Amino acid sequence: MATESTTDFSLDSAAALAADEGGAIEGKSPWLLAWRRLRRNYVALGFLALFVVIVVMCLLAGPYAHHVAGTGPNDNHLGETFTRDGKQVEVVSKGGFTGGTFKAGGIPVGPQLWHAGGKYVFGADTQGRDVAVRLLYGGLNSLKVGIGSALICTLFALVLALIAGYYGGWVDWVIARFFDLIWAFPVLLLAIALGTALSINGFHHFGISIQSGSLWIPTLVISYVLIPYIGRPLRGQILSLREKEFIEAATAQGAGGVRVMFSELLPNIASSVLVFFALIIANNILTEAGLSFLGAGVQPPNPSWGTLIADGQSRIQTAPWLAIIPGIAIVLTVLALNIFGDGLRDALDPRAKVRIEH
Amino acid sequence: MKRRLKLLRPVGAVALLAALALLAAGCGGGGKKSSSGGSNAGSSGKTYPLLRVVWDAPDYMDPALYYTVAAYQLTNYVWTGLMGYKHESGPAGAQLVPYLAASEPTISADGKDYKFTLRKGLKYSDGTAVKASDFRYAIERDFKMDSPGVGFYSDIQGVSGASGFATTKKGHISGIIPDDSAGTIEIKLDNPRGDFLYILALEFSDFVPSGTPASDQSTKPIPATGPYMVQSYTPSRSFTIVRNPHYNNQIPTMPSGNPDKVVGKIITDPVAAYQQVVSGQSDYEFQPVPNDRLPEAQSKYKDQLRIYTNANTYYFALNNAIPPFNNIKARKAVQYALDPNAIISGIYGGLGRPTQNFLPPGYPQYKKINAWSFDLAKAKQLVQQSGTNGQSVDVYGPNEDPSKSTTEYLANQLTKIGYKPKLHLLSHQVYFQTIGNQATKAQAMFTDWYQDYPHPLDWFDVLLNGQRITKTHNNNVGNVKVPAVDKEIDALAKEPQVTPAVNDRWAKVDRDLMVTYATTVPYMNKSSTDFFGPKIDMSCYTFGVVTYWDYGLSCMK
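### Section: the overall build of chain A
And then number 1: In terms of helices and strands, chain A carries 12 helices and 6 strands.
And then number 2: Within chain A, the proportion of its 358 residues that are buried is 45%.
And then number 3: Across chain A, every contact between residues at least 6 apart in sequence was considered, and the portion connecting residues at least 24 apart equals 68%.

In structure tokens form, the structure reads like this:
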């Protein structure tokens, strides 16, 4: 997501830097310059802070569940009551037949905020599970999948791009066609197909065994389908860089392929990689939510923000909080990552046009 | 014998019945209100031009293939067999009456020989005459098409064995002897079956013209013998059912129907289906009112809503053949660990009645069991005593609600009593096939059963007889095998008459399997809803225990 900002992101000139420092001109590393630009972007920093807060809250899911809510993320409380302002309240309303009369039930209790001593702060779901606890555990799972898949995806894309871009020729052709092949499929459809297939029986090939309910499945599926979205632009940058004089110089000095790739090319695309990484986390969290909503991502009873929305959709009229609260969590997280990612891109290289495009 | 579940979601079936009932209401104006929802064989004088319904998707519209309530409820007025059910509300609706047969059959003393005579002058909707040999053709067509109902006919002479028709699919079934000139049909059985007349009332026994292709004819409607015929059917979209022009009240034991025409939209989403009726675009919805909308329907549309509980049982199957549930204490622990009232109230919005019987209420063989109470402490104690504490349990269920939430509830309760459950939620399309395969090694499973016909054999013989366990397509998914009870089921299968003594023996089978051996965990008889538009005259509402809402007997205000 691109954002408009009124902050001045123009490159610092040497004179400006000197004036700013009030002394002699000193050499500054690109990273320091980037940090100087980033720290002036208060919007990006604000959203980074929001993301950090979300991450910290999710990391505190266990202590919150144990010490505040007093229940686990998958513990149902059907048929139970809790105390609110000294009165007993049903977690899920009772219904059924009394004599010949039918009473509709099954309506979970709504958000209690702090009126019930930390229980059901965001209400309960249809199985009487604490939504706030599931929201935090769900966030933890969504973040694990989002960040984990971003790491794996970026790493594979980077290595493939380096190899393709540096060696060129048939190696480049094979890797480029691999990117094209994955690119040819609509991302979500490919992810759904893989996620559904793997979520039934897991993955048990090539000496690797992943059980069907494992978080590794959505993590790896999302990593795989998004590789070309990072790999292709990076490959393009490397193809351009390898023609530069410094590569020629390194080669002339006897540097081997691996050294050129990792000591010469990698530092020159590191800023792009970093920006891609920040942006793809947001993208992956959204993809995970979509997959889980459709039943092809995180598997029940484990929560994720996507599964929480799916669980809540059938109760949108009588218990709208079930879908709305995790929806808000996704929006805030993705917004924070995208705005920070844009800020990071502007800071690292204001001329760059790094985007995650589908 | 291989049978499939009739319907996982009964609501859909109910809606289909409603549509049929409306269709059957036939031509004419608004008509008069009926004084009751009782028997209305023949013309009722309440005909009306059009019934608009929203229906669940039928699996097929071919009597050899369909096996869902959605299809059955629609077409029980279209294709008929020798026997059928009385179109009446309440227990009377479970009574068999001759449809194409002129009268009840003559049955030999040993219960192995049935002789029927067809009614005179029977015709299909295309005007051709109905022949006795059409019945044999229909059964043989079932086998040629690998119909899901072929298992019901395994006791007819010439069907089973290496040279039987089920294997060779050549020649004719020797145990079915039709005489076209006399209009008689003789059926010889290898073994007597107390439920054979019910089997002859199944859709797989419906007459089709000889020469009907032995392939799915859903979109090329087969000529009908009932008061209605399928005019058009577009899978997943729509259907139109109209009066059979050659019917001439040829089956006086069934109503000729009130609606002249039934036009159906196929909508599988219950919320969308509900909205169709609320917005006035439909007179009936087959799907159950979603739990989310039930309070609204109860308060705003109380007069248009009917809640019913038909013959079904929802139960958790525990794999009796492998640990931990090959241990009776472990199985008893699960009985104590579950709170049926909590499941019904929370997950099903109250639409259900708790049960500990396998057989549903309403059967003359039903004797209420009250052996278990929700007691987690006792359940934990039993798990400890069984020595199975801490074992992992593969729990299987469908991935759609409310089945999904019910399975999650089971898994959570197993956690609470000391097991380590692993949840496997699968698509409906593959669910029963998967748990019915021994290779899956499912240990605890969500499942349910809706009767094919109102006889205990359709429950105990199909679902819990240890001699019916198969490697694949296993209906006895819990691998329940209690030899003494199996022997009793086999003996009861041969009882030609349902006497009070026989009923008591069936009740004991129920108690033995559910309590003494605690083989299975029944928890609910699911209730469902029929929801109608404001034009429908609810005084005509008729609900058959087998046929669900009877659209043929519906009428308009």
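### Some remarks on the overall build of chain B
And then number 1: Scanning chain B from N- to C-terminus turns up 15 helices and 20 strands.
And then number 2: With the C-alpha coordinates aligned to their principal axes, the bounding extent of chain B is approximately 70 × 60 × 40 Å.
And then number 3: The buried share of chain B, taken over its 557 residues, is 60%.
And then number 4: Put simply, 73% of the contacts in chain B that link residues at least 6 apart link residues at least 24 apart.

### Side note on the interface of chain A and chain B
And then number 1: Each partner contributes residues to the interface: chain A has 30 residues there, and chain B has 33 residues.
And then number 2: Only β3 (96–98) and β4 (101–103) of chain A provide two or more residues apiece to the side of chain A that touches chain B.

### Points about the sheet that holds strand β4 (residues 106–107) of chain B
Residue and element names in this part refer to chain B.
And then number 1: Spatially, the 4 strands line up as an open sheet ordered β4-β5-β7-β6, and their pairing is antiparallel. Only two strands of the sheet have a single partner each, and these edge strands are β4 and β6 (176–179).
And then number 2: Strand direction decides the pairing type here: β6 and strand β7 (residues 184–188), joined by 4 bridges, are antiparallel. Bridge assignment links proline 178 to a residue of β7, and that residue is isoleucine 185.
And then number 3: The sheet strands contacting helix α3 (residues 132–144) are β6 and β7, and the helix crosses β6 at an angle near 150 degrees.

### Remarks on the environment of B:Glu203
Residue and element names in this part refer to chain B.
And then number 1: With respect to the secondary-structure elements, glutamate 203 resides in the loop between α5 (196–199) and β8 (228–234).
And then number 2: Considered as a pair, glutamate 203 and leucine 65 are 138 residues apart in the sequence and their alpha carbons are 8.7 Å apart.
And then number 3: For glutamate 203, the contacting residues outside a window of four places in its chain are Pro63, Tyr66, Tyr72 and Trp79.

### A look at the pairing of strand β18 (residues 520–532) of chain B
Residue and element names in this part refer to chain B.
And then number 1: Among the 13 residues in β18, 13 count as buried, and that is most of the element.
And then number 2: Both strand β11 (residues 284–285) and β18 contribute to a ladder of 2 bridges, which runs antiparallel. Bridged to tyrosine 284 within β18 is phenylalanine 532.
And then number 3: Bridge count for strand β12 (residues 305–309) against β18 is 5 bridges, and the pairing is antiparallel. Bridging from a neighbouring strand, isoleucine 307 pairs with threonine 529 of β18.
And then number 4: Pairing geometry for strand β13 (residues 312–318) and β18, over 4 bridges, is antiparallel. In the sheet register, tyrosine 314 faces β18, and the bridge partner there is methionine 524.
And then number 5: Bridging between strand β14 (residues 352–354) and β18 involves 3 bridges; their strand directions are antiparallel. Its bridge partner lying in β18, glycine 352 is registered against lysine 526.

### As for unusual backbone geometry
All names here are of chain B.
And then number 1: Here proline 323 and proline 324 are connected by a cis peptide whose omega angle stands at 0 degrees.
And then number 2: Structurally, the position occupied by proline 324 is in the loop between β13 and α8 (328–337).
And then number 3: Across the junction of aspartate 401 and proline 402, the peptide omega takes the value 5 degrees, indicating a cis bond.
And then number 4: Mapped onto the elements of the fold, proline 402 is located in the loop between β15 (392–398) and α11 (403–416).
And then number 5: A positive phi angle is found at asparagine 248, which is not glycine, with a value near 50 degrees.
And then number 6: In this structure, asparagine 248 sits in the loop between β9 (238–243) and β10 (259–266).
And then number 7: Under the C-beta neighbour-count criterion, asparagine 248 is labelled exposed, with 12 such atoms within 10 Å.

### A look at the packing of helix α11 (residues 305–313) of chain A against helix α12 (residues 321–348) of chain A
Residue and element names in this part refer to chain A.
And then number 1: Put simply, α11 and α12 touch, their axes get as near as 7 Å, and they point 155 degrees apart. Taken together, the axis directions place α11 and α12 in an arrangement best described as roughly antiparallel. The hand of the α11/α12 crossing is left-handed. Between α11, through Trp305, Leu308, Ile309, Asp311, Gly312 and Gln313, and α12, the contact on the second element is made entirely by Leu322, Ala323, Pro326, Gly327, Ala329 and Ile330.
And then number 2: The residue makeup of the contact of α11 with α12, split by class, is 8 nonpolar, 3 polar and 1 charged.

Quick notes on the rules
The numbers attached to residues start from 1 for each chain and follow its sequence in the written order. The order in which chains are written sets their letters, starting at A; the order in which ligands are written sets their numbers, starting at 1. Owing to the predicted nature of the model, reporting of local features is limited to residues with pLDDT of at least 70; listing and counting of side-chain atom pairs is limited to 80 or more, with chain, interface and lining totals taken over all residues. Only runs of H or I of at least four residues qualify as helices and only runs of E of at least two qualify as strands under DSSP, and these elements are numbered from the N terminus. Here exposure depends only on C-beta density: within 10 Å of a residue's C-beta, 20 or more other C-beta atoms make it buried, 12 or fewer make it exposed, and intermediate numbers make it partly exposed, the C-beta atoms being placed from the backbone. Throughout, a residue-residue contact means that the two C-beta atoms, derived from backbone geometry, are no farther apart than 7 Å. Strand pairing is defined by DSSP finding a minimum of two bridges between the two strands. For helices, the axis comes from a line fit to the C-alpha atoms of the stretch in contact; other axes are also lines fit to C-alpha atoms, and the angle between any two N-to-C directions lies between 0 and 180 degrees. Oblique is the label for any angle not under 35 degrees, not over 145, and not in the 65 to 115 range, which are roughly parallel, roughly antiparallel and roughly perpendicular in turn. By definition, any crossing whose near helix is turned counterclockwise from its far helix by less than a right angle is left-handed, and any crossing with a clockwise turn is right-handed. The classification used treats Ala, Val, Leu, Ile, Met, Phe, Trp, Tyr, Cys and Pro as nonpolar, Asp, Glu, Lys and Arg as charged, and all other residues, Gly among them, as polar.

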